[in-house]
Amino acid sequence: MGDPDPHEATFTPLTDPVEHDGTAQELAGSRPWERVDRAQAACDGATGPEPPAPPLCPHCGLAGERRATYTGHHVLLEPRHIVPAHLVPGGHRWHVDTDGTAWNGGLEEPSPGTTCRIPHQLACPGLTPDEIEPWRWLASVRDENARRARQKADAAGWPGRLPDTG
């Protein structure tokens, strides 16, 4: 089957019932894109508190701009910030349609001149960059390059480490 393509989107499957307003809702019979949308929001760290809870970040307490997605779940966006999409890591580019519904732009390269919104967690002062992991796709590319470099070194007969001259 080979190694996965590091440039392909990865989604976290959500197999358990989802808590919503305190009741468990089974995903059986739901539309397929609902699982993908919620999984992508979870991966992006862009899940927001559901109404009637206030749109406050659980990590720093600041208010975000809560927007519904097409599945009816919510994302917490950084308020008042519209940025050029090419400056935002893939998978963290959120767009808001004219009706106010938010959707994630995924990993595809944005069209020139496109703008987007960012999830609050990318700018949250309560999280470290390691907790946010905005460049997960780049980490997978680096891991793949490290694997290929080791493979090349092994094929060339280079020693894995210097001999002990002790």
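Structure: see above.
Just so you know, these numbers come straight off a predicted model, no measurement behind them. Throughout, a residue's number is its position along its own chain's written sequence, starting from 1. Per-residue local features of the predicted model are confined to residues with pLDDT of at least 70, and side-chain atom pairs are confined, for both listing and counting, to 80 or more; whole-chain, interface and lining totals are unaffected and use all residues. Each side-chain value is derived from all of the structure's non-hydrogen atoms; neither hydrogens nor water enter the calculation.

A. Seen up close, the overall build of the chain. Helix and strand assignments come from DSSP, with helices taken as H or I runs of at least 4 residues and strands as E runs of at least 2, each series counted from the N terminus. Looking only at helices and strands, the chain has 4 helices and 8 strands in total. Across the chain, helices and strands are ordered from the amino to the carboxyl terminus as β-β-α-β-β-β-β-β-β-α-α-α. Only protein chains enter the calculation, and the probe is 1.4 Å; a residue is then buried if its accessible area is under 20% of its type maximum, exposed if over 50%, and partly exposed in between. The buried share among the 166 residues of the chain stands at 33%. Within the chain, counting contacts between residues at least 6 apart in sequence, those at least 24 apart form 59% of the total. For the chain, the exposed surface amounts to about 11,100 Å²; the carbon and sulfur share of it is 55%. Note on contacts: a residue pair qualifies if any of its non-hydrogen atoms lie within 4.5 Å across the two residues. Only the protein chains shown count as cover for residues, with accessible areas throughout obtained via the Shrake-Rupley method and a probe of 1.4 Å.

B. The pattern of salt bridges, seen in detail. What makes a salt bridge here is a side-chain nitrogen of Lys or Arg within 4 Å of a carboxyl oxygen of Asp or Glu, nothing more. Across all of its chains, the model carries 3 salt bridges by this definition. In this structure, glutamate 65 engages arginine 67 in a salt bridge whose closest nitrogen and oxygen atoms are separated by 2.7 Å. Under the relative-accessibility criterion, arginine 67 is labelled partly exposed at 24%. When salt bridges with common partners are traced through the structure, they connect Glu65, Arg67 and Arg117 into a single cluster.

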